[in-house]
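A structural walkthrough
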Amino acid sequence: MPTTAAELLHQEARYGASNYKPLDVMLTRGEGVWVWDLDGRRYLDCLSAYSAVNQGHCHPRILQALTEQASRLTLTSRAFHNDQLGLFYEELCTLTRSTRVLPMNSGAEAVETALKVARKWAYQVKGVAPDRAEIIVCAGNFHGRTLSVVSFSTDDASRDGFGPFTPGFRTIPYGDADALEAAITPDTAAFLLEPIQGEAGVIIPPDGYLRSARALCTAYDVLLILDEIQTGLGRTGRLLAEEHEGIEADLTLIGKALSGGFYPVSAVLSHEAAMGVLRPGEHGSTFGGNPLACAVSRMALKVLVEEGMIENSAVQGRRLRDGLARINNDAVREVRGRGLMIAVELDPAYGGARPVCERLREAGLLCKETHTHTIRIAPPLVIDADTVDWAIDRFTTVLAQG
Ligand SMILES: *Cc1c(COP(=O)(O)O)cnc(C)c1O
């Protein structure tokens, strides 16, 4: 059995599809903000599995909830009731001030679910003619990898060679409320967007944009769908990023940190007027709402709130952004972010973000480049001030080497 990093790498390359290009590190253990490779080297995780491990790696209370539930009951399918689902619903709805929830597994499935609900709502409630419903999306979006979702991606690598695509989507520029108003027609069912575009490189829209989008959607009878799969659950220093502008979406999508990284769990949060269009048999998932997922999610939400991770995200996020912004190096063009969702934009003359990520790895920080010149920094929300300062110090050193 292969056991060295080189052998395991070779195995991956020999048998796996090559749809990812990971950094050269083979991880075997995680605890809190730290992960360890096979040689016992420790790294600060500055990606948090794209915000799926906001609560930190292998959080002991979530682990306990997982093992307890796994030894009792894991899956019943929704053909029968299970004694965790109602508890999960109520706790999630209370926390997010929602009134209806639909559980799924991956983030992309939550997106698909919302698109289906929005179309059904358009026909049943708004009165759009059959097969005419349209959904407005933003350029630069990332909502997952299923066929319908990549149908409205504007990223060539996500789309090329995967057609024909699902019709019924219209793309507008991100952050432009006038463009939204101009794009709305009587057939518009919904407007789908990320409160901050994560994969696009932590793109923050202008102040007031979400409020304008909310007002336009209300005025024109259009559902507002916020994809908070990455921004939600404390990442931006609030439970949901929509809170920064004091709005509420009609459909809110969460996933990733909903399980603290233990298990794929996603959900669509909504209200009766939208979710009420679904009848038995019209949508579902074998694993959606299973008791293991519910028990894990309940604890993942509980520790997020009880252990002050949302507030810590705001406090340490500010400390990390300020520290990075103080790095006196021409390579850094901009530091932006909200809470612990941060991006460092490098000067194009500097030689790209990937080599910097390689050098950061050598210095004990695992970061991921997005596009050519952007480094995303999103550690677990349990990071403390000393570790933030250590990371800033490492960053400063690595950039000075360039
Ligand atoms: C990760 C992500 C998704 C897709 O989630 P998967 O679990 O990978 O399907 C959708 N939207 C956003 C904003 C994401 O960050």
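Scroll up for the structure.
Remember, it's a predicted structure, so these values are computed and weren't measured experimentally.

Some points on the site of the ligand
- Every residue near the ligand is listed here: Ser106, Gly107, Ala108, Phe142, His143, Gly144, Glu194, Asp227, Ile229, Gln230 and Lys256.
- Here Gly107 contributes a backbone N or O atom positioned 2.8 Å from an oxygen atom of the ligand.
- Between the ligand and Ala108, the relevant distance is 2.8 Å, taken from an oxygen atom to a main-chain nitrogen or oxygen of the residue.
- Of the residues contributing to the shell around the ligand, the split by class is three nonpolar, five polar and three charged.

Topic: the pairing of strand S1 (residues 27-31)
- Bridge count between S1 and strand S2 (residues 34-37): four bridges; the pairing is antiparallel. Opposite Arg29, over in S2, you have Trp36 as the bridge partner.
- In this antiparallel pair of consecutive strands, S1 and S2, the connection spans two residues, and Gly32 shows a positive phi of 60°.

Let's talk about the state of the cysteines
- Tallied over the entire structure, the rule returns zero disulfides.
- No disulfide involves Cys294; its sulfur sits 12 Å from the nearest other cysteine sulfur, which is in Cys93.
- Judged by its relative accessible area of 0%, Cys294 is buried.
- Its sulfur unpaired, Cys357 is 5.6 Å from the next cysteine sulfur, which belongs to Cys367.

A few points about the packing of aromatic side chains
- According to the stated counting rule, one finds four aromatic pairs in the structure shown.
- Ring geometry for Trp34 and Trp390: centres 5.5 Å apart, planes at 65°, overall edge-to-face. Highlighted residues: Trp34 in strand S2 and Trp390 in helix H14 (residues 385-401), separated in sequence by 356 residues.
- Note on Trp390: relative accessible area 30%, which makes it partly exposed.
- When the centroid spacing of 4.4 Å and the interplanar angle of 40° are considered together, the rings of Phe152 and Phe169 count as tilted. Placement of Phe152 in the loop between helix H6 (147-151) and helix H7 (156-159) and of Phe169 in strand S6 (residues 169-172) is noted, with a sequence separation of 17 residues between them. By the burial criterion, Phe152 is buried, and Phe169 matches it.
- In this structure, Arg42 is placed above the aromatic ring of Trp34, and the distance from its NZ or CZ to the ring centre is 3.5 Å.

Thoughts on the layout of surface pockets
- Considered as a void within the structure, the second largest pocket measures approximately 570 Å³ in volume.
- As for the second largest pocket, its lining consists of 20 residues, and the residues nearest its centre are Arg78, Tyr89, Val101, Leu102 and Leu278.
- Secondary structure elements with two or more residues in the lining of the second largest pocket: helix H4 (85-96), strand S4 (100-104) and helix H10 (272-275).
- At five residues, S4 tops the list of elements feeding residues into the lining of the second largest pocket.
- Here the lining of the second largest pocket is built from residues that sort into nine nonpolar, seven polar and four charged.

Definitions and cut-offs
Residues numbered from 1 in each chain as written. Predicted model: local features only at pLDDT ≥ 70, side-chain atom pairs only at ≥ 80, totals over all residues. Heavy atoms only, no water. Near = heavy atom within 4 Å. Polar contact = N/O pair within 3.5 Å; in protein donor to acceptor, adjacent residues only side chain to side chain. Nonpolar A, V, L, I, M, F, W, Y, C, P; charged D, E, K, R; others polar. Pairing = 2+ DSSP bridges. Helix = DSSP H or I, 4+ residues; strand = E, 2+ residues; numbered from the N terminus. Disulfide = S-S within 2.5 Å. Buried < 20%, exposed > 50% of the residue type's maximum accessible area, 1.4 Å probe, protein only. Phe/Tyr/Trp six-rings, centres within 6.5 Å; stacked < 30°, edge-to-face > 60°. Lys NZ or Arg CZ within 6 Å of the ring centre and 35° of its normal. 1 Å grid on protein atoms, 1.4 Å probe; cavity = no way out; pocket = protein on both sides within 12 Å on 5 of 7 lines; lining within 4 Å. Points joined across faces, edges and corners; volume = space filled by probe spheres on them.

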